[in-house]
Amino acid sequence: ITRHFLASVSADAQGSQTVVGMKLGGELFSATGLIVTARNYLEIATFDSWGGHQIPPFVVGEEVRPSVLEMEESRTTPPP
């Protein structure tokens with residue numbers, strides 16, 4: 001209870017999010033990256049987390065040629 005209270009009165013966590021959209025073979029794909037810049041309440045709220053997924057920097061309108069394309073077969077799973 002104490003940890004939850006302290007987290008609720010702490011400063012918000014801050015981050016920078018990047019969303020990249022690509023068109024490959026007529027199909028649209030997207031990738032999202034998140035970098036946590038200030039953990040703040042996350043230092044206290046160990047039950048909460050922001051998964052930081054870094055992606056390379058991109059410029060708007062930049063053309064990218066992928067070096068490898070892989071297709072993985074998988075199935076959707078229900079939420080926990």
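These lines cover the structure that appears in this document, whether it is placed above or below. For clarity, every value in this text was computed on a predicted model and none was experimentally measured. (Residues numbered from 1 in each chain as written. Predicted model: local features only at pLDDT ≥ 70, side-chain atom pairs only at ≥ 80, totals over all residues. Heavy atoms only, no water.)

Time to look at the environment of proline 57. Topologically, proline 57 is positioned in the segment after strand S2 (27-38). By relative accessible area, which is 77% here, proline 57 ends up exposed. Put simply, proline 57 and valine 20 are 37 residues apart on the chain and 9.6 Å apart in space, counted from C-alpha to C-alpha. (Helix = DSSP H or I, 4+ residues; strand = E, 2+ residues; numbered from the N terminus. Buried < 20%, exposed > 50% of the residue type's maximum accessible area, 1.4 Å probe, protein only.)

This part takes up the pattern of salt bridges. Oppositely charged side chains can pair when the atoms bearing their charge come close. All chains considered together, the criterion is met by one salt bridge. Among the ionic pairs, glutamate 43 bridges to arginine 39, the shortest N-O distance being 3.2 Å. (Salt bridge = Lys/Arg side-chain N within 4 Å of Asp/Glu carboxyl O.)

So, about the environment of threonine 46. Along the chain, the position of threonine 46 falls in the segment after S2. Once the C-alpha coordinates of threonine 46 and histidine 4 are considered, the two residues, 42 residues apart in sequence, prove to be 9.5 Å apart.

Here we take up the pairing of strand S1 (residues 14-24). Pairing between S1 and S2: eleven bridges, direction antiparallel. For valine 20, the partnering residue across the bridge sits in S2 and is alanine 31. Connecting the antiparallel pair S1 and S2 is a turn made up of two residues, with glycine 25 showing a positive phi of about 55°. (Pairing = 2+ DSSP bridges.)

Another aspect to go through is unusual backbone geometry. Comment: phi is negative for the bulk of residues other than glycine, and the bulk of peptide bonds are trans. Backbone geometry places asparagine 40, a non-glycine residue, at a positive phi of 40°. If you trace the backbone, asparagine 40 turns up in the segment after S2. Given a relative accessible area of 30%, asparagine 40 falls into the partly exposed group.

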